[in-house]
Protein chains: 2
Amino acid sequence: MSESNAVLIGRKPVMNYVLACITLFHGGAKEINVKARGRAISLAVDVVEVVRRRFLPDVKVKKIGIGTEQLAPREEGGSPTNVSTIEITLAQ
Amino acid sequence: MSESNAVLIGRKPVMNYVLACITLFHGGAKEINVKARGRAISLAVDVVEVVRRRFLPDVKVKKIGIGTEQLAPREEGGSPTNVSTIEITLAQ
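Residues numbered from 1 in each chain as written. Chains lettered and ligands numbered in written order. Predicted model: local features only at pLDDT ≥ 70, side-chain atom pairs only at ≥ 80, totals over all residues. Heavy atoms only, no water.

1. Focus on the sheet that holds strand β1 (residues 6–8) of chain A
The strands that make up a sheet are held in pairs by hydrogen bonds between backbone atoms, and each pair lies either parallel or antiparallel.
Right, so step 1: If you trace the four strands from one edge of the open sheet to the other, you get β1-β2-β4-β3 (chain A), paired in mixed fashion. Here the strands that pair on one side only, and so sit at the sheet edges, are β1 and β3 (60–71) of chain A. Taken over all neighbouring pairs, the strand axes of this sheet differ in orientation by 20° on average, direction set aside.
Right, so step 2: Where helix α2 (residues 40–55) of chain B meets the sheet, its contacts fall on β3 and β4 (81–91) of chain A, and the angle it forms with β3(A) comes to roughly 65°. (Pairing = 2+ DSSP bridges. Helix = DSSP H or I, 4+ residues; strand = E, 2+ residues; numbered from the N terminus. Axes fitted to C-alpha atoms, helices over the stretch in contact; angles between N-to-C directions. Contact = heavy atoms within 4.5 Å.)

Written out as structure tokens, the structure is:
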């Protein structure tokens with residue numbers, strides 16, 4: 001699967017990401033990956049739920065994966081930080 | 001599966017919920033459900049990742065489900081609010 005079908009969730013309003021998902025599906029994507037880490041994980045679930053329930057009822061959640069990423073220390077000699085991640089695959 | 005094996009994630013520190021999971025598994029539970037809604041969803045993923053990576057490497061993520069719950073309006077005549085939910089099933 002092409003990584004160009006990934007929607008990375010950050011700090012923008014939910015509807016920005018919902019629109020990104022809808023645009024990808026309308027552009028012919030069969031599958032898209034909604035990815036987030038840290039506090040944005042809750043927002044990723046909101047985005048997927050709004051897409052499915054309000055806009056594209058035919059879209060199904062195909063797979064949900066969670067994991068941990070290690071971030072480099074912010075300052076020299078600091079210890080690395082772990083951050084949780086989620087990846088939700090949607091398919092139509 | 002008995003609902004007594006559910007861990008509901010709220011606003012306490014991550015380690016409180018990690019300890020709750022470990023206690024259930026040590027008490028003989030084969031499966032537990034980590035549940036959260038709204039902003040606590042990120043915390044639920046953190047809890048599961050800490051349990052698996054730091055404490056119980058034999059525990060696997062068996063299933064992850066997401067959904068939406070409708071909350072009653074806070075004041076009379078208000079409109080109901082939707083909140084996203086997650087349920088992560090862990091098995092050992």
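Still more ground to cover, so stick around.
2. What to know about the environment of L71(B)
Residue and element names in this part refer to chain B.
Right, so step 1: By secondary structure assignment, the location of L71 is in strand β3 (residues 60–71).
Right, so step 2: Given the relative accessible area of 29%, L71 is considered partly exposed.
Right, so step 3: Along the primary structure L71 and T81 are separated by 10 residues, whereas in three dimensions their C-alpha atoms are 5.1 Å apart.
Right, so step 4: Residues in contact with L71, not counting those within four places in the same chain, are R37, P80, T81 and V83. (Buried < 20%, exposed > 50% of the residue type's maximum accessible area, 1.4 Å probe, protein only.)

3. Section: helix α1 (residues 14–26) of chain B
Residues and elements named next belong to chain B.
Right, so step 1: Counted at 1.5 Å a residue, the expected span for α1 with its 13 residues is 18 Å, and the 19 Å between its end C-alpha atoms agrees.
Right, so step 2: Those residues of α1 lying buried are Y17, V18, C21, I22 and F25. Take α1 and look down its axis: the buried residues cluster within an arc of 140°, on one side only. In α1, the exposed positions angled more than 90 degrees off the buried face are occupied by L19, T23 and H26. (Expected span 1.5 Å × (residues − 1). Arc of directions from axis to C-beta.)

4. A closer look at the interface of chain B and chain A
Right, so step 1: Each partner contributes to the interface: chain B provides 20 residues, whereas chain A provides 20 residues.
Right, so step 2: Taken together, both faces of the contact between chain B and chain A bury some 1500 Å²; the carbon and sulfur share is 58%.
Right, so step 3: Broken down residue by residue, the surface that chain B buries against chain A is led by S42(B), I64(B) and I66(B), which jointly contribute 35%.
Right, so step 4: The interface formed by chain B and chain A contains two salt bridges.
Right, so step 5: A salt bridge links D46(A) to R39(B); its shortest N-O distance comes to 3.0 Å.
Right, so step 6: Applying the counting criterion to the chain B and chain A interface returns 11 residue pairs in polar contact (both at pLDDT 80 or more).
Right, so step 7: Every element with two or more residues in the side of chain B that touches chain A is listed here: α2, β3 and β4 (81–91) of chain B.
Right, so step 8: Of the residues assigned to the side of chain B that touches chain A, the class counts are nine nonpolar, six polar and five charged. (Buried area = accessible area lost by both parts, 1.4 Å probe. Salt bridge = Lys/Arg side-chain N within 4 Å of Asp/Glu carboxyl O. Polar contact = N/O pair within 3.5 Å; in protein donor to acceptor, adjacent residues only side chain to side chain. Nonpolar A, V, L, I, M, F, W, Y, C, P; charged D, E, K, R; others polar.)

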